[in-house]
Every structure is written in C-alpha cells, then in structure tokens.
Amino acid sequence: MTDPDIGSMETEMNRGFLQILVLALLEKDMYGYSMVKHIEGLGYKVEENTLYPLLRRLEKNGWITSKWDLGEDRPRKFYAITADGRAMKAGLLEVWHNQNRILTEITKENLHVQ
Amino acid sequence: MSNKLEIYLEEISHFLSGRVEREEILSEIRSHVLEKAAAEHGETGDAALDKVIAAYGQPRQVAEKYLDGRPIIAPAYRRYLFRYTTLLFAFHGLLTVFAVVFKKDFIFFPFLFMPRLGVIEALMYLPTAFLADLGVVTLVLYFITQSGKEVRLPWPKLAVDLDEVKPPKKGFFVSRIGTAVGAVVMLAITDFALYLFSRYHTIFFVNLDFANPRPLFTAAAGRRLSMIVIAMFAASTMTLLVKLFTRSRWVDTISNVVSLALIGLLLRQPFDNLFAVDISERLLPKIKFGLRFMLLFIAVIVTVDLIQNLVSIGRKKLAKSV
C-alpha cells in the first residue's frame with residue numbers, strides 16, 4: 001500500500017491547530033522569527049508567510065497584542081496574549097481535548113472490532 | 001537597505017494595494033527576512049536575502065494570505081451568473097430585433113436605452129449587449145455576496161440552464177460520419193453554386209430550365225447576393241471539414257462570427273430594383289419584410305449559438321484554472 005497524500009487535508013487540519021498553538025505559545029512574549037524556530041524545535045513546521053497573517057487576525061480579534069521593540073540592532077515586533085485570548089485559548093483547548101478523546105475512543109473501538 | 005528586499009516588498013505591496021495596514025505588513029516581513037538572514041546565514045547580503053526571500057514565497061501568494069478570502073461571487077450564486085445573463089440577454093436580444101424591425105427607439109429609464117438600429121449596427125451591438133448584461137449581473141451578485149446576507153435568488157425549477165446545454169454524446173465514428181456526410185453534401189452544393197455562378201453570374205432562378213434560365217434578381221443584385229450566399233456555403237463546408245479533425249468550440253465560434261458577418265452583408269443589400277421578375281407593388285413590402293425578418297431570425301439563432309460556444313469555452317478555461 002502506498003503512503004496516502006495527506007498534504008491538502010493536513011493544511012485544513014493545521015488551520016485550527018495553528019491558532020491554538022500560537023495562543024499557547026504567546027504566554028511568553030515572542031517575536032515572529034523566534035516563534036517559527038521554537039515551533040520547529042518542537043518538531044512541527046509553520047510556514048512563515050502563514051504565521052504573520054494569522055498573528056494579524058488574532059490581534060484584530062483582540063486575542064493578542066503587539067508592540068515594536070526598537071532597542072535591538074534591528075526592529076522586532078513582539079506579540080503577547082491578552083485576557084480575551086486566554087479565555088479563547090481555554091475554550092479551544094477544551095474543544096481539542098474533546099476531539100482527541102472521541103478519536104481515541106473510536107480507535108479503541110476499532111481495535112476491538114478487528 | 002538591500003535593494004532586492006525592497007523590490008520584493010514593493011511587489012508584495014502592489015498586490016496589497018488598498019489595505020490600510022500595508023506599511024505595517026511590509027515592516028513585519030522586512031523584519032522577519034532580515035532576522036532570518038542574519039540568524040541562519042550570518043549576514044544580510046544579497047545572496048542570503050535571495051535564499052530567505054525564495055523560502056518566504058512568491059509576492060502574490062504572500063499578499064493573498066492577508067486578504068480575507070471572500071470571493072467576488074459566492075459559490076452558491078455562481079450558477080446565477082449565467083442563468084440571469086441568459087435571461088437578460090434574451091430580453092435585450094428581443095428588443096434589438098424590435099428596434100430593427102419596427103425602426104423605433106426603446107427606453108426603459110434608467111436601465112436601458114435602445115436606439116433605432118440598422119441591421120449591421122444591431123449585429124455589432126449584440127455581443128456588446130451580452131457583455132454589458134454579464135457585467136450588470138456580476139455587479140448585482142457581487143453586492144449580494146459582499147453584503148453577507150443569505151439571499152434566495154429565484155429561478156424556475158423547470159428552466160433549462162444555458163451552461164447545462166451540452167452537445168449530444170455520440171460515439172467518435174458516428175459523430176465523424178455525420179460530419180463527413182454533411183461536408184460532402186455542402187461541398188457538392190458549393191461546387192454546384194460556383195458552377196452556376198461562373199456560367200450565369202447568379203445562382204437564383206425562377207425556373208429550372210438551365211438551357212433557358214430566367215434569373216430571379218437583376219444582374220447586379222443577383223451577382224452580389226450570389227457571391228455572399230456562395231461565401232456562406234463555403235464557410236459551412238470549411239467548418240465541417242475542419243470539424244472532421246477537431247471538436248474545438250473555437251471552430252464553431254469562428255464559423256458563427258463569419259455567418260453573422262455574411263448575414264449582415266446580405267441585410268445591407270439594397271432591396272430596391274432587386275427582382276428581375278414582375279412582382280405586384282402590394283406584395284413587394286411584405287416580401288421585403290419577410291426576408292429581413294427571416295434573416296434576422298437566423299442571425300439571432302446564430303448569436304445564441306455563438307454565446308453558448310463562448311460560455312462553453314469560458315467554463316472550460318475556468319475549470320482548468322481551478
């Protein structure tokens with residue numbers, strides 16, 4: 001059996017996951033490039049050109065804030081989660097845990113069937 | 001500051017035009033690219049920036065990620081683009097025929113002004129009218145889509161969609177045999193017409209006695225009309241011959257355009273001193289009207305076929321691009 005091409009499906013799944021990931025990551029102030037590297041260090045890859053528009057959307061919704069730091073040798077834009085963002089993150093994590101539980105149970109049921 | 005990075009940002013900026021936060025977006029990308037080049041290549045020279053920029057993505061692709069993704073026309077309303085355009089154009093086409101036949105202006109203020117048209121002007125006007133109708137329907141569907149409201153657009157259940165009209169599915173050889181027979185018949189008709197024309201300078205007669213033929217039209221009119229009709233025969237023959245090798249809709253489209261031009265030429269011919277035989281004065285205007293109406297009717301049918309072909313070509317191109 002050949003490996004299934006999960007590319008487009010993975011992209012769809014990533015949309016929701018990335019939002020939780022970024023909200024979870026921003027408990028500590030970070031700038032874009034540091035987020036990319038941190039995520040890569042965890043064994044996951046986020047497209048740079050996807051991350052910045054996502055950050056912009058999250059900021060527009062009031063879930064994160066941003067400010068430019070001009071103190072270093074080059075300007076960096078730091079992002080941080082807001083109180084609303086934390087509430088959203090908690091809600092999304094609950095959804096994600098529930099989805100995970102359902103999938104785990106179905107996988108177990110399928111093992112019994114086989 | 002690197003010229004390459006600024007050119008890259010300028011290209012992204014071009015695709016972001018109209019967005020108020022454009023400068024902020026470009027600053028974010030500039031900061032990221034410089035940061036990555038320094039961290040991963042140890043410098044921010046052109047070679048390093050080239051690599052980072054290539055990894056970041058094509059300018060249009062980057063810019064599109066910032067756009068909210070709302071389509072110009074929502075998928076649920078896309079079918080209505082051709083449905084409503086067909087309806088509107090049918091109405092438009094009918095008014096055009098009225099404007100030509102009854103020689104009158106039509107005004108439906110503020111939506112439509114249809115001036116009194118000559119035949120050639122009418123034929124030139126129809127494709128323009130189709131594009132205008134398409135534009136109006138697109139604009140309405142655009143506003144409905146952008147409003148974000150759930151609007152139920154009316155359409156009768158039994159109505160046939162122009163975009164659903166498909167050529168009948170026949171086997172390769174069956175369809176080619178039909179075309180080949182048609183081509184042979186048309187070739188024979190064209191040859192016979194050419195033979196008649198070379199011998200008598202007309203192809204229209206009131207009797208079938210070729211030893212002593214009586215032409216229907218006067219010499220000059222008969223020659224002009226015969227040449228146009230022979231050109232129509234030749235165009236049909238060519239179309240059928242080409243269709244033996246390709247089923248491209250472009251062949252039909254070109255054939256439609258040539259037919260419309262020739263019908264236009266026919267309609268432009270002066271109707272005075274046309275007939276070489278005696279016809280009562282009372283009957284003459286009715287014959288003229290009948291001929292004009294018949295040719296216009298054929299022109300409308302050809303125009304509808306032309307639009308079907310253009311819609312089909314357009315839909316195929318759209319399907320390929322998705």
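Residues numbered from 1 in each chain as written. Chains lettered and ligands numbered in written order. Predicted model: local features only at pLDDT ≥ 70, side-chain atom pairs only at ≥ 80, totals over all residues.

Attention now goes to the overall build of chain B. Check the secondary structure of chain B and you find ten helices and two strands. Overall, chain B shows an N-to-C arrangement of helices and strands of α-α-α-α-α-β-β-α-α-α-α-α. Among the 322 residues that make up chain B, the fraction classed as buried is 21%. (Helix = DSSP H or I, 4+ residues; strand = E, 2+ residues; numbered from the N terminus. Buried ≥ 20, exposed ≤ 12 C-beta atoms within 10 Å, placed from the backbone.)

Summing up its helical and strand segments, chain A has four helices and three strands in all. Taken from the N to the C terminus, the helices and strands of chain A come in the order α-β-α-α-β-β-α. When burial is assessed residue by residue, chain A has 18% of its 114 residues classed as buried.

Our next topic: the pairing of strand β3 (residues 76–81) of chain A. All names here are of chain A. Pairing geometry for strand β1 (residues 30–31) and β3, over two bridges, is antiparallel. Within β3, the position partnered with Met 30 by the bridge is Tyr 79. Inspection of the sheet shows strand β2 (residues 64–69) paired to β3 by six bridges, in the antiparallel sense. Following the sheet pairing, Ser 66 is matched in β3 by Tyr 79. Linking β2 back to β3 in an antiparallel pair, the connection comprises six residues. (Pairing = 2+ DSSP bridges.)

Right, let's get into the confidence of the model for chain B. Residue and element names in this part refer to chain B. Scored by pLDDT, chain B has a mean of 83; 91% of the residues are at 70 or more. Predicted confidence in chain B is weakest over helix α10 (residues 284–321), with a mean pLDDT of 76, and strongest over helix α2 (residues 22–41), with 94. With pTM at 0.57, the complex prediction returns an ipTM value of 0.89. (pLDDT = per-residue confidence, 0-100.)

Here the focus is helix α4 (residues 83–113) of chain A. All names here are of chain A. Here α4 contains 31 residues, and its C-alpha end-to-end distance of 45 Å stays within 8% of the 45 Å for a straight helix at 1.5 Å per residue. Taken together, the buried positions of α4 are occupied by Gly 85, Met 88 and Lys 89. Of the surrounding secondary structure, the elements contacted by the buried residues of α4 are α1 (7–25), β2 and β3. (Expected span 1.5 Å × (residues − 1). Contact = placed C-beta atoms within 7 Å.)

Counting residues in each nonpolar core, the largest one holds 22 residues, and the members touching the most others are Leu 5, Ile 12, Ile 29, Val 33, Leu 49, Val 52 and Ile 53 of chain B. Every element with two or more residues in this core is listed here: α2 (32–41) and α3 (48–60) of chain A together with α1 (3–15), α2, α3 (46–56) and α4 (59–64) of chain B. With five residues, the top contributor of residues to this core is α2 of chain B. Ignoring any residue separated from it by four or fewer positions in sequence, one finds Val 33 of chain B in contact with Leu 5, Leu 49, Val 52, Ile 53 and Tyr 56 of chain B. Listed in part, the 21 residues of the second largest apolar core include Ala 122, Leu 260, Ile 263 and Ala 299 of chain B. (Core = buried A, V, L, I, M, F, W, Y, C linked by C-beta atoms within 7 Å.)

Listed as interface residues are twelve residues of chain A and, on the opposing side, 13 residues of chain B. Listed by contribution, the elements that provide at least two residues to the side of chain A that touches chain B are α2, α3 and β3 of chain A. Per-element accounting of the side of chain A that touches chain B gives the leading share, six residues, to α3 of chain A. Among the residues making up the side of chain A that touches chain B, the classes are represented as four nonpolar, three polar and five charged. (Nonpolar A, V, L, I, M, F, W, Y, C, P; charged D, E, K, R; others polar.)

Turning our eyes to something else, we now look at the sheet that holds β2 of chain A. Residue and element names in this part refer to chain A. Here we have three strands laid out as an open sheet, ordered β1-β3-β2, and antiparallel in their pairing. Pairing within the sheet leaves two strands with one partner each, and these edge strands are β1 and β2. Most of the contacts of α3 go to β2, to which it runs at about 120°, and overall it touches β2 and β3. (Axes fitted to C-alpha atoms, helices over the stretch in contact; angles between N-to-C directions.)

Take Ala 99 of chain B: it is sitting in helix α5 (residues 75–101). Separated by 23 residues in sequence, Ala 99 of chain B and Ala 122 of chain B have C-alpha atoms that sit 8.6 Å apart.

Along an α-helix, residues three or four positions apart point the same way, because every turn accommodates 3.6 residues. Taking 1.5 Å of rise per residue, 20 residues should cover 28 Å, and α2 of chain B covers 28 Å from first to last C-alpha, within 8% of that figure. Buried-residue contacts for α2 of chain B involve α2, α3 and β3 of chain A together with α1 and α3 of chain B.

Now for unusual backbone geometry. Of note, the phi angle at His 201 of chain B is positive, near 65°, even though the residue is not glycine. Mapped onto the elements of the fold, His 201 of chain B is located in the loop between α7 (172–200) and α8 (219–243).

On to the packing of α1 of chain A against α3 of chain A. All names here are of chain A. Between α1 and α3, the shortest axis-to-axis distance is 11 Å and the interhelical angle comes to 70°. Our classification of the angle between α1 and α3 gives roughly perpendicular. Across the interface between the two elements, Leu 18, Gln 19 and Val 22 of α1 pack against Leu 54, Leu 55 and Leu 58 of α3. Grouping the constituent residues of the contact of α1 with α3 by class yields five nonpolar, one polar and no charged. (Parallel < 35°, antiparallel > 145°, perpendicular 65-115°, else oblique.)

Take the environment of Lys 77 of chain A next. Relative to the assigned elements, Lys 77 of chain A resides in strand β3. Placed 44 residues apart in sequence, Lys 77 of chain A and Tyr 33 of chain A show a C-alpha to C-alpha distance of 9.6 Å. In this structure Lys 77 of chain A touches Tyr 31, Gly 32, Ser 66 and Trp 68 of chain A together with Glu 28 and Ser 31 of chain B, once residues within four positions along its chain are discounted.

Examined against the element boundaries, Glu 35 of chain B turns out to sit in helix α2. Sequence separation between Glu 35 of chain B and Val 52 of chain B is 17 residues, and the spatial gap between their C-alpha atoms is 9.8 Å.

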